[in-house]
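Structural characterization, general
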Amino acid sequence: AGRSFPPEAFLAWAGSLAEEIRSSISYYQSRPGATAVDAVILSGRGARVAGLAAWLQENLGVPVTNARPLEGIGVPSRAGGDVADAAPDFAVCLSLARRGLGVGG
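Residues numbered from 1 in each chain as written. Predicted model: local features only at pLDDT ≥ 70, side-chain atom pairs only at ≥ 80, totals over all residues. Heavy atoms only, no water.

1. With respect to the pattern of salt bridges
As a reminder of what qualifies: Note on definitions: salt bridges are taken to be side-chain nitrogens of Lys or Arg within 4 Å of carboxyl oxygens of Asp or Glu. Helix and strand assignments follow DSSP, with helices taken as H or I runs no shorter than four residues and strands as E runs no shorter than two, numbered in order from the N terminus. Burial classes follow relative accessibility: with a 1.4 Å probe on protein chains only, a residue under 20% of its type's maximum area counts as buried, one over 50% as exposed, and anything between as partly exposed.
For the coordinates displayed, the defined rule picks out 1 salt bridge. The partner of Arg22 in a salt bridge is Glu19, and the shortest N-O contact between them spans 2.5 Å. A residue pair is termed a helical-turn pair when its members lie 3 or 4 positions apart in one helix, as Arg22 and Glu19 do in helix H1 (residues 7-29) at 3 residues. Judged by relative accessible area, which is 31%, Arg22 ranks as partly exposed. Given the relative accessible area of 48%, Glu19 is considered partly exposed.

Given below as structure tokens:
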């Protein structure tokens, strides 16, 4: 359930985001002992933007996927699909909680 934007706004924002990601990857890979970046994982509200992962993958040349922070966590059915849709917004919180509980992540 991704959010859509007008094509011009999407391209301007996604292009800026791709440049920021490229810059971060370049900086990281310039560090001694850095390993190759072979994937990008999106989290936060941007992960909900329809088509963003595919567009970034095409423009960055590496696989791009959305974070799935609820993977391996049982969510009561009464919580509905909204919880799964909003999960990328809370990827950092959920990962820290899982790590604190010794569950991994």
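2. Some points on the packing of H1 against helix H2 (residues 52-60)
So the rule is basically this: Note on definitions: angles span 0 to 180 degrees between N-to-C directions of axes, and those axes are lines fitted to C-alpha atoms, for helices only across the stretch in contact. An angle below 35 degrees is read as roughly parallel, one above 145 as roughly antiparallel, one from 65 to 115 as roughly perpendicular, and any other as oblique. When the near helix sits turned anticlockwise from the far one by under a right angle, the crossing is termed left-handed; a clockwise turn instead gives a right-handed crossing. A contact between two residues is defined here by any heavy atoms of the two lying within 4.5 Å. Side-chain classes follow a simple rule in which Ala, Val, Leu, Ile, Met, Phe, Trp, Tyr, Cys and Pro form the nonpolar group, Asp, Glu, Lys and Arg form the charged group, and the remainder, Gly included, forms the polar group.
Contact geometry of H1 with H2 gives a least axis separation of 10 Å together with a crossing angle of 50°. With respect to H2, the axis of H1 lies oblique. Crossing angle aside, the handedness with which H1 passes H2 is right-handed. Here H1 contributes Phe10, Leu11, Trp13, Ala14, Gly15, Leu17, Ala18, Ile21 and Arg22 to the contact with H2, which in turn contributes Leu52, Trp55, Leu56, Asn59 and Leu60. Residues of the contact of H1 with H2, tallied by class, amount to 11 nonpolar, 2 polar and 1 charged.

3. Re the packing of aromatic side chains
Definition in use: Only Phe, Tyr and Trp rings are paired, with Trp represented by its six-membered ring, and only when their centres lie within 6.5 Å; those with planes under 30 degrees apart are stacked, over 60 edge-to-face, the remainder tilted.
Applying the stated criterion across every chain yields a total of 1 aromatic pair. Relative to Trp55, the ring of Phe10 lies with its centre 6.2 Å away and its plane at 85°, an arrangement referred to as edge-to-face. Of this pair, Phe10 sits in helix H1 while Trp55 sits in helix H2, and the two are 45 residues apart along the sequence.

4. So, the environment of Val83
With respect to the element layout, Val83 can be found in helix H3 (residues 81-86). Linking Val83 and Leu70, residues 13 residues apart in sequence, is a C-alpha distance of 9.1 Å. Those residues in contact with Val83, other than ones at most four positions away along the chain, are Leu70 and Val75.

5. A word on H2
Cut-off, in case you're wondering: The arc refers to the directions leading from the helix axis to the C-beta atoms.
Within the span of H2, buried status applies to Leu52, Ala53, Leu56 and Leu60. Buried residues of H2, seen end-on, are gathered within an arc of 95° and therefore sit on one face of the element. When the buried face of H2 is taken as reference, the exposed residues oriented beyond 90 degrees from it are Ala54 and Glu58. Close packing links the buried residues of H2 with H1, strand E1 (40-42) and strand E2 (64-66).

6. Describing the nonpolar core
Our working rule: To qualify as a nonpolar core, a set must consist of buried Ala, Val, Leu, Ile, Met, Phe, Trp, Tyr and Cys residues joined through side-chain atoms within 4.5 Å.
Ile21, Val40, Leu42, Leu52, Leu56, Leu60 and Val64 are the most contacted members of the largest nonpolar core, which has 15 residues in total. Residue assignment for this core shows that the elements contributing at least two residues are H1, E1 and H2. Looking at which element gives the most residues to this core, the answer is H1, with 5 residues. Sequence-distant contacts of Val64, that is, excluding residues within four places in its chain, are made with Val40, Leu42, Ala53, Leu56 and Gln57.

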